[in-house]
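Descriptive analysis of the structure
So the chains spell out like this:
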Amino acid sequence: MSNVFINGQPAYIGYESVEREDIPVSAAVDRKYLIVDFRFHSAPADEQLQASVHKVCMTLLKNRELIRTLSDSGYDMVAVAFDRRSQFDCL
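Calculation rules
Residues numbered from 1 in each chain as written. Predicted model: local features only at pLDDT ≥ 70, side-chain atom pairs only at ≥ 80, totals over all residues. Heavy atoms only, no water. Helix = DSSP H or I, 4+ residues; strand = E, 2+ residues; numbered from the N terminus. Expected span 1.5 Å × (residues − 1). Buried < 20%, exposed > 50% of the residue type's maximum accessible area, 1.4 Å probe, protein only. Arc of directions from axis to C-beta. Contact = heavy atoms within 4.5 Å. Disulfide = S-S within 2.5 Å. Phe/Tyr/Trp six-rings, centres within 6.5 Å; stacked < 30°, edge-to-face > 60°. Lys NZ or Arg CZ within 6 Å of the ring centre and 35° of its normal.

Structural notes on helix H1 (residues 46–62)
For H1, with 17 residues, the first-to-last C-alpha span of 24 Å sits near the 24 Å given by 1.5 Å per residue. Of the positions making up H1, those classed as buried are Ser-52, Val-53, Val-56, Cys-57 and Leu-60. Buried residues of H1 fall within an arc of 120 degrees about the axis and therefore sit on the same side. Among the exposed residues of H1, those oriented more than 90 degrees off its buried face are Glu-47, Gln-50, His-54 and Lys-62. Looking at the packing, one finds that the buried side of H1 touches strand E2 (32–39), helix H2 (64–72), strand E3 (77–81) and strand E4 (87–89).

See the structure below:
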């Protein structure tokens, strides 16, 4: 993921796997998800944030092997985050 943004803006920080064990496996609610984390060096304009979300999500979605592996591992959703306050769902 560090190669998604050539100029390093935003910078790839890492990822976190989250599993909500308080939600029953049979529930129709997302229980296990992956958060891919980036940080901007300065606050982005709305257009830049939206374009960055799109770029990360499309990079993930085009990688069919990754999507298959995540699905086989029980992930219900992948999200991208650029700060600690909000995340944007890819799938």
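What follows continues from the structure just given.
Digging into the state of the cysteines
A full pass over the atoms with the stated rule returns 1 disulfide. What pairs with Cys-57 in a disulfide is Cys-90, and their sulfur atoms sit 1.9 Å apart. Judged by the sign of its S-S torsion, about -70 degrees, the cystine formed by Cys-57 and Cys-90 is left-handed. Of this pair, Cys-57 sits in helix H1 while Cys-90 is found in the segment after E4, placing the two residues 33 residues apart along the sequence. The exposure classification of Cys-57 matches that of Cys-90, with both residues buried.

Observations concerning the packing of aromatic side chains
According to the stated counting rule, one finds 5 aromatic pairs in the structure shown. Taken together, a centroid distance of 5.2 Å and an interplanar angle of 35 degrees make the contact between Phe-40 and Phe-82 tilted. Separated by 42 residues along the polypeptide, Phe-40 in the loop between E2 and H1 and Phe-82 in the loop between E3 and E4 bring together distant segments of the chain. An aromatic cluster is present here, built from Phe-5, Tyr-12, Phe-38, Phe-40, Phe-82 and Phe-88 joined pairwise through their rings. Above the face of the Tyr-75 ring, Lys-32 is positioned so that its terminal group lies 4.6 Å from the ring centre.

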